[in-house]
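Chain by chain, the residues:
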Amino acid sequence: MSTLFDKLVNWINFEPTVGLLMLITAIALFGSGFRTYQQSAENFWPWLRQLLTTSTSALIGAALFVGLMWAFRIVLNDNVASFYSTHGSVSDLSRSSAQTIWGRPHQQIELTIRHTHQVEKLEEQPREKPEDPPTYKTVIVTEEVTQNSIIGFEGDVMMRLNEREKGYALYSGYILDVKIVYDIINDSQIYTDAEFNFPLSRGQALFENFVIMMDGDDMSPKLRIANDNVSWTTKMKPQQKSQLVITYSSRGMDYFYYQIPVQREIKNFVLTLTIDRLPVSLINYPDGVITPGKIQPTEDGKGSILTWNLDHAITVAGMGVSLIPPEQPGAQVLRVLVISPYALTLLGAMLALTMLIWGVSVRFLDLALLSAVYSMQFLLMAAISDLFFGFWGSLVVGALLTLFLSYFLFRSLPTRPMRVSVYALIVFFTLIYPLSGLLTELSHQNAFHALMQVGLILYVTGLSLYVGGRKPAGSGS
Amino acid sequence: MLDALGRILAWWGGREPSASLMMYVAAVLLFAGVFVAANNRFTGYAAGLERFAHALGYALLYIGVLGASYFLLDKSLGLFRPVASRLALGEDHNERMMETRKRWGGEIQQAELGMALTRSYEEVMEIPDAYPSPQYINRIVTEPVEEGGIVEFNGAVDIEVIDPSLTTYMASVEYQYLVENQSEYTTTATFKFPIIRNRYYENLSVSINGEDWKYNFQADNLAWKNIMLPRQVDMVKISFSVRGMENFSYYVPEQRGIEAFLLTIHLNTRNYYTLTKPGEDAIELKSVAQGSGQRSTWVIKRAIMKPIMGIRLNSTEQPDLRQWDAISFANYGPAAVMLVGVTTLLTMLIMGLPVRLDRFLLYLGVFSAQFLGFMGLDLLQIHYVVPIILFSLLALGLTFLIYKDVPRLSRNLILALTLIFSVGYPLGNLLPDEQARSIFGMIVQSLILLYIFGLTLFVRVQQNSKSRSAE
């Protein structure tokens, strides 16, 4: 008994509105059933027998109501769990697995060029007498020729979004077509050995059609590929200008950026990133990335073209884009399903209170049928939203069926105002309340729930005053 | 079960000691009233048992109804408070600022150009531990030259605020340093101009005496060297554009003698503060309006110091400070519902009116609804005065309807209590300090006791005069 009471207290703590409403309704049902005891006999033993009988039947009524609501809550909770298990259950494990198969976030780090040359140097030799003139020997050393060799950059990156499904959830994958043109120079008066290092995006699953052309020559035979890095060496004349074209296709997930890793003066730099299906309004950026100078929509308006145009600039911040997580399959349906057990309990309690206020006994068969019909709306949504109509279609179909069946269920209620009050409740909980699941802002959710509680209190008060006003004077409860 | 019930009552008593005590008193009175007034259907123990069960059930139900109303408002308050606090602290705006800081770049604190003069000469050095006889080698010795440095500074910063809400700006900067080698030696001047890592600098240019100068990067500094003859004076000009937000300041990192120092910051807004250290008595500051913007100029004619000067932009989006008042008002909701419930119950008992549970439940529901409605509308950013007035009027109207068949005096008393606990009592929480609020709470409790005492006396006097006139 104590455990049951503790469970009740925990539940009311967890869902105070529904818990209290259920409790009040159960007490009201008990009180309503218990009322007949007052007409009991004058003698003690018959009175006691009557008391026990009415108490038991009232208790059964209250327990039946609570049990009925709990049973349908379990059905709806199970429906939510089943739907969630096969729709949009994003997990780190699935994401990691999807990245292993498809590809990680793509981070393209800039090409680096190191110029060296071998030079003869005079190295002073130690001498025994300080007054002697110094003597030297010639040695050959490799010296670095420090310079900023990249004098122009033109990058064209085409990003085609390609959502990947893993473990019933979608992840924001993409396919990249990259073409990078570097204008380079040996900005010295020395013949140098130029060592090029082009980093590949770390741990990336696939690079296709990877070609490096230098002044029209395919550099493939010279390329050394190891440790996510492509390197090659070539000789460069003083003030030699060359053009380096690097093309490849790859894949990635979540975000992409291009980064200049070390501080240098950036000249004539243009990076254009075209995303085929990400409208301008949904553009987002990874941390530590500078925003583009120009953002345009694509011709069809479905995508975006981002341009970074830098000249005489310095930055080591990246340039790129972060993709918003794709809307998971059935996300809206799931949000509505999650609140369905709550909605059912509210509807059941409000319907029972409405009946009690009208002075009509609560018919548990009707309550059970309404619960079944109402639950069916959400079961139907879960079942058909993937197949036929999507979110809105399945919501409308489910709601129409519930309203249609409810109409037949309550059309035999004795008075028109009573029918109107019951139908108003059912319409609210069938059409309006489920849409509150689509509210995403916490402040809006809280505001809606507070105002809904106000609405329910005012409904009960208004109905009580209305019904009380219709009764003949002196027939108070 | 009794343990759990005891725990709940103890928790309740701890939270609202005086209100719950008054509630128990009212419950005892209710118990006594019902016990006395119950019909004597039986005789002996059976009659006592029935009366006891009847009265106890009644009293427990009233405690339950009051407790439920308190609990509902307390829980709703628990949901309301964190969301309203977020609005009051402007946390959404702060998060947007933080996000923007990562992408756009935060404040700019520009340190002065660093300059070091050195001279080099050759000397013969003995190689240490040479064996078997001493060995010698020539070496170049470099030593610092103290005479010289920055002799004049003229900085012009043009700040264009891009987003006044996020305080992002684009600063176009031009610094002119007049540097001099005041020594008798030919020196190598090494310059280091600090830049901020991960920041985007555009159109960067360094020139000496009008000639573009090549620079290198050394640990977040632009670095270059120049040979300076004795008494040579050079003009070093650095210009660039850079993104920033919130603050812009320029400072001299090491104390030095400063002469002819002039920094001008022009902004396209007047919504900013100036920052001047060590103070405006040491540094001359003038701000002049220019169109929709303003120009601030700092001048140091001759001083030894390490000054900091700059501006701080004000965001046009400020936290919703009204939410603190809204939270204070809502905080009194749970206590108010208990106090109004208890005082109404006692009023009805003292006035000898039948206490109907259904009406009492509706009354508490209506009273609670005004606080719930207040919280709901406040979260939709509607000024809190609107829901206070709107829902108070609604509560008064519905209370009138619920108790419309109650005698006029009692009804007016209930309406007055409703009004006091709807508006007057919660507004007491807007008092500025804790002590004042505590005193206010004690005054309210005293007034409730006074009211009950006075009402009881009034009813007794009325009854006496009625019985006298009947005699």
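Small disclaimer: the values here were computed from a predicted structure and weren't measured.

Parameters and conventions
Residues numbered from 1 in each chain as written. Chains lettered and ligands numbered in written order. Predicted model: local features only at pLDDT ≥ 70, side-chain atom pairs only at ≥ 80, totals over all residues. Heavy atoms only, no water. Helix = DSSP H or I, 4+ residues; strand = E, 2+ residues; numbered from the N terminus. Rg over C-alpha atoms; globule rule 2.2 N^0.38 Å. Buried < 20%, exposed > 50% of the residue type's maximum accessible area, 1.4 Å probe, protein only. Contact = heavy atoms within 4.5 Å. Areas by Shrake-Rupley, 256 points an atom, 1.4 Å probe, with all protein chains shown as cover. Lys, Arg positive; Asp, Glu negative; His and termini not counted. Charge placed at Lys NZ, Arg CZ, Asp CG, Glu CD. Axes fitted to C-alpha atoms, helices over the stretch in contact; angles between N-to-C directions. Parallel < 35°, antiparallel > 145°, perpendicular 65-115°, else oblique. Nonpolar A, V, L, I, M, F, W, Y, C, P; charged D, E, K, R; others polar. Buried area = accessible area lost by both parts, 1.4 Å probe. Salt bridge = Lys/Arg side-chain N within 4 Å of Asp/Glu carboxyl O. Polar contact = N/O pair within 3.5 Å; in protein donor to acceptor, adjacent residues only side chain to side chain. Patch = residues over 30% accessible without salt bridge, like charges linked within 9 Å, V, L, I, M, F, W, Y side chains within 5 Å. Arc of directions from axis to C-beta. Pairing = 2+ DSSP bridges. pLDDT = per-residue confidence, 0-100. Domains from an automatic or database assignment.

A. Representation of the overall build of chain A in the model. Per the secondary structure count, chain A includes nine helices and 18 strands. Since a compact globule built from 477 residues should have a radius of gyration of about 23 Å, the 38 Å found for chain A marks it as more spread out than a globular shape. For chain A, the C-alpha atoms occupy an extent of roughly 140 × 60 × 35 Å along the three principal directions. Looking at chain A residue by residue over its 477 residues, the buried ones come to 47%. Contacts in chain A between residues at least 24 apart in sequence constitute 77% of all its contacts with a sequence separation of at least 6. Summed over all atoms, the accessible surface of chain A reaches about 22900 Å², with 59% contributed by carbon and sulfur. Here chain A contributes 34 positive and 39 negative side-chain charges, whose respective centroids are spaced 14 Å apart.

B. Geometry of the packing of helix α9 (residues 408–427) of chain B against helix α10 (residues 434–470) of chain B. Residue and element names in this part refer to chain B. Two elements in contact, α9 and α10, have axes whose closest approach is 14 Å; the angle formed by their N-to-C orientations is 180°. Taken as axis vectors, α9 and α10 run roughly antiparallel relative to one another. The segment α9 lies against α10, with Leu-409, Leu-413, Leu-417, Phe-421, Gly-424 and Tyr-425 engaging Phe-440, Val-444, Ile-448, Tyr-451, Leu-455 and Phe-458. Split by residue class, the contact of α9 with α10 holds 11 nonpolar, one polar and no charged.

C. Summary view of the interface of chain A and chain B. If you look at the interface, chain A gives 67 residues, while chain B gives 62 residues. For the pairing of chain A and chain B, the buried interface totals around 5400 Å² over both sides, and the portion due to carbon and sulfur atoms is 64%. Looking only at chain A, the three residues that lose the most surface to chain B are Phe-5, Gln-263 and Ile-314 of chain A, adding up to 12% of its buried area. Taken together, the connections running from chain A to chain B amount to two salt bridges. Lys-214 of chain B is the partner of Asp-187 of chain A in a salt bridge, and the nearest nitrogen-oxygen pair spans 3.5 Å. On inspection of chain A and its partner chain B, the count reaches 17 residue pairs in polar contact (both at pLDDT 80 or more). Put simply, the parts of the chain that give the side of chain A that touches chain B at least two residues each are α1 (2–14), α2 (16–34), α3 (44–85), β2 (112–125), β17 (304–310) and α9 (442–470) of chain A. Counting residues per element, the side of chain A that touches chain B draws most heavily on α9 of chain A, which supplies 15 residues. Here the side of chain A that touches chain B is built from residues that sort into 34 nonpolar, 22 polar and 11 charged.

D. Spatial organisation of the side chain of Thr-25 of chain A. As for its placement among the helices and strands, Thr-25 of chain A is situated in helix α2. Its relative accessible area of 0% is what places Thr-25 of chain A among the buried residues.

E. Quick peek at the environment of Asn-148 of chain A. All names here are of chain A. Secondary-structure assignment places Asn-148 in the loop between β3 (135–144) and β4 (150–161). Take Asn-148: its relative accessible area is 23%, and that puts it in the partly exposed class. With 36 residues separating them along the chain, Asn-148 and Thr-112 place their C-alpha atoms 9.6 Å apart. Within the structure, Asn-148 has its side chain in polar contact with the backbone oxygen of Glu-265 (distance 2.7 Å).

F. Representation of the side chain of Thr-187 of chain B within the structure. One can find Thr-187 of chain B in strand β6 (residues 187–194). Separated by 3.2 Å, the side chains of Thr-187 of chain B and Asn-181 of chain B make a polar contact.

G. Inspection of a nonpolar patch on the surface at higher detail. There is a patch of nonpolar side chains on the surface, built from Leu-401, Phe-404, Leu-405, Tyr-407 and Phe-408 of chain A and spanning about 450 Å² of accessible area. Structurally, Tyr-407 of chain A is set in helix α7 (residues 364–410).

H. Region of the structure containing the pattern of salt bridges. Summed over all chains, the structure comprises 29 salt bridges over all chains. The partner of Arg-197 of chain B in a salt bridge is Asp-220 of chain B, and the shortest N-O contact between them spans 3.2 Å. In this pair, Arg-197 of chain B sits in the loop between β6 and β7 (201–208) while Asp-220 of chain B sits in the loop between β9 (216–217) and β10 (221–228), placing the two residues 23 residues apart along the sequence. Classification of Arg-197 of chain B as partly exposed rests on a relative accessible area of 42%. Take Asp-220 of chain B: its relative accessible area is 25%, and that puts it in the partly exposed class. Linking Arg-302 of chain B and Glu-259 of chain B is a salt bridge whose minimum nitrogen-to-oxygen distance equals 3.6 Å. Of the two residues, Arg-302 of chain B sits in strand β16 (residues 293–305) while Glu-259 of chain B sits in strand β13 (residues 256–267), which places them 43 residues apart along the sequence. Classification of Glu-259 of chain B by relative accessible area gives partly exposed; the value is 40%. Through salt bridges that share partners, Asp-287 of chain A together with Glu-99, Lys-102 and Arg-103 of chain B make up one connected network.

I. Highlighting the environment of Phe-72 of chain A. Residue and element names in this part refer to chain A. Within the element layout of this structure, Phe-72 appears in helix α3. On a C-alpha basis, the gap between Phe-72 and Phe-210 in space is 60 Å, while along the polypeptide they are 138 residues apart. With sequence-adjacent residues up to four places away left out, Phe-72 is seen in contact with Leu-344, Ala-368, Ser-371, Ala-372 and Ser-375.

J. Geometry of helix α4 (residues 92–101) of chain A. Residues and elements named next belong to chain A. Residues Ser-94, Ala-98 and Gln-99 constitute the buried set of α4. With its buried residues spanning 135° around the axis, α4 presents them on a single face. Summarising the geometry of α4, the exposed residues directed more than 90 degrees from the buried face are Asp-92, Leu-93 and Thr-100.

K. Here's a closer look at the sheet that holds β2 of chain A. Residue and element names in this part refer to chain A. Taken together, five strands build an open sheet; the order of strands is β3-β2-β8-β12-β11 and the sheet is antiparallel. Sheet topology places β3 and β11 (224–226) at the edges, where each strand pairs with a single neighbour. Between one strand axis and the next, the sheet turns by 25° as a mean value, whatever way the strands run. Here strand β8 (residues 192–199) pairs with strand β12 (residues 229–236) via eight bridges, running antiparallel.

L. Just the confidence of the model for chain A, in detail. Residues and elements named next belong to chain A. Confidence in the prediction of chain A, expressed as mean pLDDT, is 88, and 95% of residues score 70 or more. Considering each helix and strand of chain A separately, the mean pLDDT is smallest for α1, with a value of 72, and largest for strand β15 (residues 269–275), with 96. Here residues 473–477 is a poorly scored stretch, pLDDT under 50, and it has three contacts once near neighbours within four places are set aside; other chains count.

M. Structural context of the domain arrangement of chain B. Entries for chain B in the domain assignment read domain 1 (2–90 + 320–470) and domain 2 (107–313). One C-alpha centre belongs to domain 1 of chain B, the other to domain 2 of chain B, and the line joining them spans 70 Å.

N. Structural view of the pairing of β17 of chain A. Residues and elements named next belong to chain A. With five of its seven residues buried, β17 lies for the most part within the structure. Here β15 pairs with β17 via seven bridges, running antiparallel. Looking at the pairing, Thr-274 lines up with Ile-305 of β17. When strand β16 (residues 294–297) meets β17, the two strands line up antiparallel, connected through four bridges. Opposite Lys-294, over in β17, you have Thr-307 as the bridge partner. With antiparallel pairing between neighbouring strands as the criterion, β16 and β17 make up a hairpin whose turn holds six residues, including Gly-301 at a positive phi of roughly 80°.

O. Focus on the domain arrangement of chain A. For chain A, the assigned domains read domain 1 (13–87 + 330–470) and domain 2 (102–322). Of note, the centres of domain 1 of chain A and domain 2 of chain A, computed from C-alpha atoms alone, are 64 Å apart.

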